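Spelled out, the chains give:
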Amino acid sequence: MRLRYSFRLYPNGPQRSALARAFGCARVVYNDALRTREDARAAGLPFVSSAVLSTAVTAAKSTPQRAWLAEVSAVVLQQSLRDLDTAYRNFFDGLKGKRPRMGAPRFKSRKDNRHTVRFTANARWKITPGGDLSLPKIGDVRVKWSRALPSAPSTVAVVKDAAGRYFASFVVETDPEILPAMDNVVGIDLGLTRFAVLSDGTKIDSPRFLRRAEKKLKRAQRDLSRKAKGSANRVKARIKVARAHARTADARREFHHQLSTKIIRENQSVAVEDLAVKGLARTRMAKSVHAAGWSAFVTMLEYKAAKFGRTFHRIARFEPTSQVCSVCGVKDGPKPLGIRVWTCTACGAVLDRDINAAVNVAKAAGLAVTACRARVRPGRVPAQRGEAGTHRDGQMAVVGIPSL
Ligand SMILES: [Zn+2]
């Protein structure tokens, strides 16, 4: 299976300039290609193929307007074209209903929050004996290796985030580490009041370190809004917001790693509701922080299940999980969100809204969970620290199944 490993990079001054140039060239190639395709579409011409675009990039290097494209690795430019192809493919697949709908590819801006360039094996990048990352036309960049790579990577992406930090992101082939089989199975309901509720009755809130980071981010955003436009203080406040953003994202990822590892270790089968059908698809929630967090978390569950030999089920919702009694299966209609606990009119079970939903998710996946656990149970168990994905000092650990 392929996993992504990320490490913090510390480029020096000239290397930062070279990277800025590479980001710029990748962006220009992307935008030129997008414009070519958009112009063709507007003129009623057929879709311009990648081969034609690729030839155009090579030709552009010998024009005075684009001669500077030759200053960066050709692989970076070709990969940028491939990114555009991926963006188009996702867009078309969305239109065909193969995946959630998304917007058409958009032009990139130097003001974007994230900049990426990618080097494949063709680019002859390497890890030096001294542990630096040697990149063509950029140099040997210092890396903070916070964990070992399980095997030699073939591709590396260099990313600069909104907080101005650099990361090297490797795609690595790894063998699964099959854990001993066990009997536990679990359904998970992701929610707003609680991050997750498990069919065994466990209720999980965001940990304090994440809530604290979110609070700091809010404060930084408030400070920024109070600063006068164009002032030096506003610039400083904006950098503070970007840093707080990055720290919140790291804290959230850390929490997702801990929780997903714990759930996968403790259960043979895991079922989650497909988020696309969680009734969010067309709502404002679909774009919210919650929805993004859930989908990152579900992605982790999925790849960790594959990695540790567990079964992962994504269930399409057949019936509203909160309207069906998980004990007797009778559907007794919608209940306002304010109602957290109710008594089933058919069998008399006292049901907790969230646990009931989690049990229904498990049952929909064909997992044999005991429905009686959906009944009200006091107390909650906090998420514990897991071993995988624990990151310190800029390590981001595994972040998901790469789409490369
Ligand atoms: Zn019932």
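Throughout, a residue's number is its position along its own chain's written sequence, starting from 1. In keeping with the model being predicted, local features are shown solely for residues with a pLDDT of at least 70 and side-chain atom pairs are shown and tallied solely at 80 or more, while totals for entire chains, interfaces and linings include all residues.

**Student:** Got a minute to help me understand the packing of helix α4 (residues 208-226) against helix α5 (residues 232-266) in this structure?
**Tutor:** Helix-helix packing is characterised by the crossing angle of the two axes and by the distance between the axes. As a packed pair, α4 and α5 sit with axes 9 Å apart at the nearest point and diverge in direction by 160 degrees. As far as their axial angle goes, α5 and α4 are roughly antiparallel. The handedness of the crossing between α4 and α5 is left-handed. Here F209, L210, A213, E214, K216, L217, A220, Q221, D223 and L224 of α4 come into contact with α5, specifically with R234, A237, R238, K240, V241, A244, H245, R247, T248, A251, R252 and F255. Gly is put with the polar residues, along with every residue not named as nonpolar or charged; the nonpolar set is Ala, Val, Leu, Ile, Met, Phe, Trp, Tyr, Cys and Pro, and the charged set is Asp, Glu, Lys and Arg. When its residues are assigned to classes, the contact of α4 with α5 shows 11 nonpolar, 3 polar and 8 charged. Note on geometry: axes are lines fitted to C-alpha atoms, helical ones only across the stretch in contact, with angles between N-to-C directions running from 0 to 180 degrees. Helical segments are the DSSP runs of H or I of at least four residues, strand segments are the runs of E of at least two, and each set is numbered from the N terminus. Geometric relationships in this document are graded by angle, where less than 35 degrees denotes roughly parallel, more than 145 denotes roughly antiparallel, 65 to 115 denotes roughly perpendicular, and other angles denote oblique. Definitions for this section: a left-handed crossing has its near helix turned counterclockwise from the far helix by less than a right angle. A right-handed crossing has that turn clockwise. Here, residue contact means that the backbone-derived C-beta atoms of the two residues sit within 7 Å.

**Student:** Help me out: how do you make sense of unusual backbone geometry in this one?
**Tutor:** A negative phi holds for most residues other than glycine; trans holds for most peptide bonds. Backbone geometry places R124, a non-glycine residue, at a positive phi of 55 degrees. By the element assignment, R124 lies in the loop between β2 (115-119) and β3 (126-127).

**Student:** Explain helix α1 (residues 13-42) here, please?
**Tutor:** The periodicity of an α-helix, 3.6 residues per turn, causes residues three or four places apart in sequence to face the same way. For α1, built from 30 residues, the straight-helix expectation of 44 Å at 1.5 Å per residue is met to within 8% by its first-to-last C-alpha distance of 43 Å. Three classes are used. A residue is buried when 20 or more other C-beta atoms lie within 10 Å of its own, exposed when 12 or fewer do, and partly exposed in between, with C-beta atoms placed from the backbone. Buried residues of α1: L19, A22, F23, C25, A26, V29, Y30, A33 and R37, and no others. Those residues of α1 hidden inside the fold are in contact with α2 (50-60), α3 (74-95), β2 and β6 (155-160). A positive phi of about 75 degrees marks G44, the residue just after α1. Multiply 1.5 Å by the residue count of a helix minus one, and that product is the helix's expected span.

**Student:** Honestly, the sheet that holds strand β11 (residues 269-273) in this entry has me stumped. Any pointers?
**Tutor:** Whenever strands of a sheet pair, they do so through backbone hydrogen bonds, lying parallel or antiparallel. The 5 strands are arranged β10-β9-β8-β11-β12 in an open sheet whose pairing can be described as mixed. With partners counted over all chains shown, the strands left at the sheet margins are β10 (203-204) and β12 (311-315), one partner each. When DSSP finds two or more bridges between a pair of strands, those strands are recorded as paired. The pairing of strand β8 (residues 185-190) with strand β9 (residues 196-198) spans 3 bridges and is antiparallel. Bridge pairing in β9 places L190 opposite A196. Lying over the sheet, helix α7 (residues 353-364) contacts β8, β9, β10, β11 and β12, oriented at roughly 125 degrees with respect to β8.

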